[in-house]
Amino acid sequence: MSAAHESDVLAAVPTGLLIGGQWRAASTGATIDVHDPSTGEVIAQVADASPEDGLAALDAAAAAQASWAATAPRERGEILRRAFEIVTARAEEFALVMTLEMGKPLAESRAEVAYGAEFLRWFSEEAPRISGRYATAPDGRNRLLVTKRPVGPSLLITPWNFPLAMATRKIAPALAAGCTSVLKPAALTPLSALLFAEVLREAGVPDGVVNVIPTSRAGAVTGPLIADPRLRKLSFTGSTEVGRSLIADAAHQVLRVSMELGGNAPFLVFDDADLDAAVEGALLAKLRNGGEACVAANRFLVHESVAAEFSARLIERMARYVNGRGTEPDTTLGPLVDGATRDKVAELVAGAVADGARVALGGRIPSGRGYFYPATVLVDVPHDARILREEIFGPVAPITTFRDEDEAVRLANDSEYGLVCFAYTRDLNRALRLSERLETGMFGINTGLVSNPAAPFGGVKQSGLGREGGLEGIDEYLETTYIGIADPSA
Ligand code: NAP
């Protein structure tokens, strides 16, 4: 990958704010530096929205709402379908931009582009399926008519770890439902979202229907929107801490909210598991996205009789991962997104060692530039170690043991989070028992990856509210209206 090619691709990414169909500079003229996490160098500068720009974006979304809601569902679907085709045709460009701003290896960026694009296709097919019902009241006289309509202008806030897919997972159902939106991408990774916004315009999304406002002052810019009665919906993906405070802010307007928050996924390996499959699944669940995923396996809970064997095999496989810039062909583990993220990972590992864990692989920050952290395995981690309670968001696999199924379930549920669990077992009844006993929004049985645009993604407990994707995803952007009708035969 030549530097000239990288510059050409970056030069094609819009760097303004998209408001009312126009690319414009921030009202203050301010810009945000975007860094390559593998070098720390600035690779682009994008407009840094002010609170006034935020309100201008809401003005545009509110002005476009009625006509977008009145656009035929089929037409909304066809625009989404065109967006899917364009993103797919330009997958290499999206993948490179994503790797440059976020760090993951190109192969993983390609996978995210395919995953992210799939939400556009999925919801292009859901748009014409929005429907209601007509029923006879139980007393046989009155009739009930139930219809759906778009919620209205929506604020969509996305994190840096999946810069394209988190945007498509919100924008696609919003557009399908007939909602206009203001997207605030993460300040660390605005480029993928800006390139996607350009694709939406090319696909035929009318002016004002999608507005994009990167900003370095998230709270100051989104706060006035959340307080504005024209906004009808807030969809947020990010940390539980920020999500909690946004729910509180949204309460003043009784705003509809969807919250995709943090996770602390347990990865359970039972004594009857296929260990080869469990190790493959563990690599996927742990090292995809460098561990910077809300669905990353955060705790390996392994039956005591197979713990030594599983650990040895996982260590052997994780030792093969190669840290490097995501554009290098032999890189299998990119850098973490920034210094703060790497410091937190290093601190959690140091804390685990102080708690009594042993570093069996990795655990040391390499010298040189970039925010690299090696694939790391910790064994003999005590059940009360902090690293088993907090999101690691890095390539660190802490392994601990359990004695029986009851203890496995108790440990797995001992968390404020409930996003996803993984379990490896050959016993079907056990898998089904687990699905009923684990406190989780999603459960992977003998698989290390559950994310699928056709399935409802989301968590219970402090992992969030609402679902994205699947048949459920569009409901987050629809209101229900009930119309009571007098007995037509009376
Ligand atoms: P974060 O700090 O909560 O930020 C997420 C987004 O919220 C960013 O766009 C951020 O803007 C914005 N934000 C921060 N403070 C805000 C405020 N006061 N008001 C309004 N917006 C604000 O999370 P992160 O570190 O970027 O992302 C990692 C977290 O996301 C992890 O906890 C992970 O589990 C979670 N996540 C969850 C899911 C899921 O579907 N459940 C998926 C992916 C990630 P800035 O960029 O300017 O800070």
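See the structure printed just above.
Residues numbered from 1 in each chain as written. Predicted model: local features only at pLDDT ≥ 70, side-chain atom pairs only at ≥ 80, totals over all residues. Heavy atoms only, no water.

A. Up close: the site of the ligand. Looking at the ligand, there are 30 residues lining it, with Thr-158, Ala-187, Ser-239, Leu-261 and Glu-391 nearest. Side-chain polar atom of Arg-169 to an oxygen atom of the ligand: 2.8 Å apart, as the coordinates give it. Within the side chain of Ser-239, a nitrogen or oxygen atom sits 2.6 Å from an oxygen atom of the ligand. For the ligand, whose unbound accessible area comes to 890 Å², protein coverage reaches 83%. When contributions to the shell around the ligand are tallied by element, the ones reaching two or more residues are helix H6 (165-177), helix H8 (218-226), strand S10 (233-237) and helix H9 (240-251). A per-element tally of the shell around the ligand places H8 first, with three residues. When the residues that make up the shell around the ligand are grouped by side-chain class, the tally is 16 nonpolar, 10 polar and four charged. (Near = heavy atom within 4 Å. Polar contact = N/O pair within 3.5 Å; in protein donor to acceptor, adjacent residues only side chain to side chain. Areas by Shrake-Rupley, 256 points an atom, 1.4 Å probe, with all protein chains shown as cover. Helix = DSSP H or I, 4+ residues; strand = E, 2+ residues; numbered from the N terminus. Nonpolar A, V, L, I, M, F, W, Y, C, P; charged D, E, K, R; others polar.)

B. Focus on the sheet that holds strand S19 (residues 442-445). Reading across from one edge, S14-S15-S16-S13-S12-S18-S19 is the order of the seven strands in this open sheet, with mixed pairing throughout. Here the strands that pair on one side only, and so sit at the sheet edges, are strand S14 (358-361) and S19. Here the average twist between neighbouring strands, direction ignored, is 25°. Bridge analysis of strand S12 (residues 265-269) against strand S18 (residues 420-424) gives three bridges, and the strand direction is parallel. The residue of S18 that forms the bridge with Val-269 is Tyr-424. (Pairing = 2+ DSSP bridges. Axes fitted to C-alpha atoms, helices over the stretch in contact; angles between N-to-C directions.)

C. The arrangement of the environment of Phe-372 in detail. Secondary-structure assignment places Phe-372 in the loop between S14 and strand S15 (376-379). Phe-372 sits in the buried class, given a relative accessible area of 11%. The sequence separation of Phe-372 and Gly-290 amounts to 82 residues, and the corresponding C-alpha distance is 10.0 Å. (Buried < 20%, exposed > 50% of the residue type's maximum accessible area, 1.4 Å probe, protein only.)

D. Local environment of unusual backbone geometry. Of note, Val-254 is a non-glycine position whose phi angle comes to about 50°, a positive value. Mapped onto the elements of the fold, Val-254 is located in the loop between H9 and strand S11 (256-260). One non-glycine residue, Asn-289, adopts positive backbone phi at about 60°.

E. Molecular detail of helix H12 (residues 339-354). Here H12 spans 22 Å end to end across 16 residues, near enough to the 22 Å set by a 1.5 Å rise per residue. Residues of H12 that are buried include every one of Thr-341, Arg-342, Val-345, Leu-348, Val-349 and Ala-352, and no others. All buried residues of H12 project into a common sector of 125° when viewed along the axis, lining one side. Along H12, exposed side chains directed more than 90 degrees from the buried face belong to Ala-340 and Ala-354. Elements in contact with the buried residues of H12: S15 and strand S16 (396-402). Of the residues trailing H12, Gly-356 is marked for its positive phi of about 120°. (Expected span 1.5 Å × (residues − 1). Arc of directions from axis to C-beta. Contact = heavy atoms within 4.5 Å.)

F. Representation of the packing of helix H4 (residues 91-102) against helix H5 (residues 106-126) in the model. Two elements in contact, H4 and H5, have axes separated by 8 Å at closest approach and are oriented at 120°. As judged from the angle between their axes, H4 and H5 are oblique. In this structure, H4 crosses over H5, and the sense of that crossing is right-handed. Between H4 and H5, the residues in contact are Ala-91, Glu-92, Phe-94, Ala-95, Leu-96, Met-98 and Thr-99 and Leu-106, Ser-109, Arg-110, Glu-112 and Val-113, respectively. (Parallel < 35°, antiparallel > 145°, perpendicular 65-115°, else oblique. Left-handed = near helix turned anticlockwise from the far one by under 90°.)

G. Broad picture of the side chain of Asp-487. Among the structural elements, Asp-487 can be located in the segment after strand S22 (478-485). With no salt bridge to any partner, buried Asp-487 finds its closest opposite charge in Arg-143, at an N-O distance of 4.3 Å. Here Ser-489 takes part through its backbone nitrogen, which lies 2.9 Å from a polar atom of the side chain of Asp-487. (Lys, Arg positive; Asp, Glu negative; His and termini not counted. Salt bridge = Lys/Arg side-chain N within 4 Å of Asp/Glu carboxyl O.)

H. Looking closely at the sheet that holds strand S6 (residues 143-150). Taken in spatial order, the three strands line up as S5-S6-S22 in an open sheet, and their pairing is antiparallel. A strand with exactly one partner marks an edge of an open sheet, and here the two such strands are strand S5 (133-136) and S22. Direction aside, neighbouring strands of the sheet carry axes that sit 20° apart on average. Direction of pairing for S6 relative to S22: antiparallel, over a ladder of eight bridges. By the bridge assignment, Leu-144 is partnered in S22 with Gly-484.

I. Main features of the pattern of salt bridges. Under the counting rule described, the total for this entry stands at 37 salt bridges. With a closest N to O distance of 2.4 Å, Lys-104 and Glu-112 form a salt bridge. Each member of the pair, Lys-104 as well as Glu-112, carries the same accessibility label: buried. In this structure, Asp-276 engages Arg-313 in a salt bridge whose closest nitrogen and oxygen atoms are separated by 2.4 Å.

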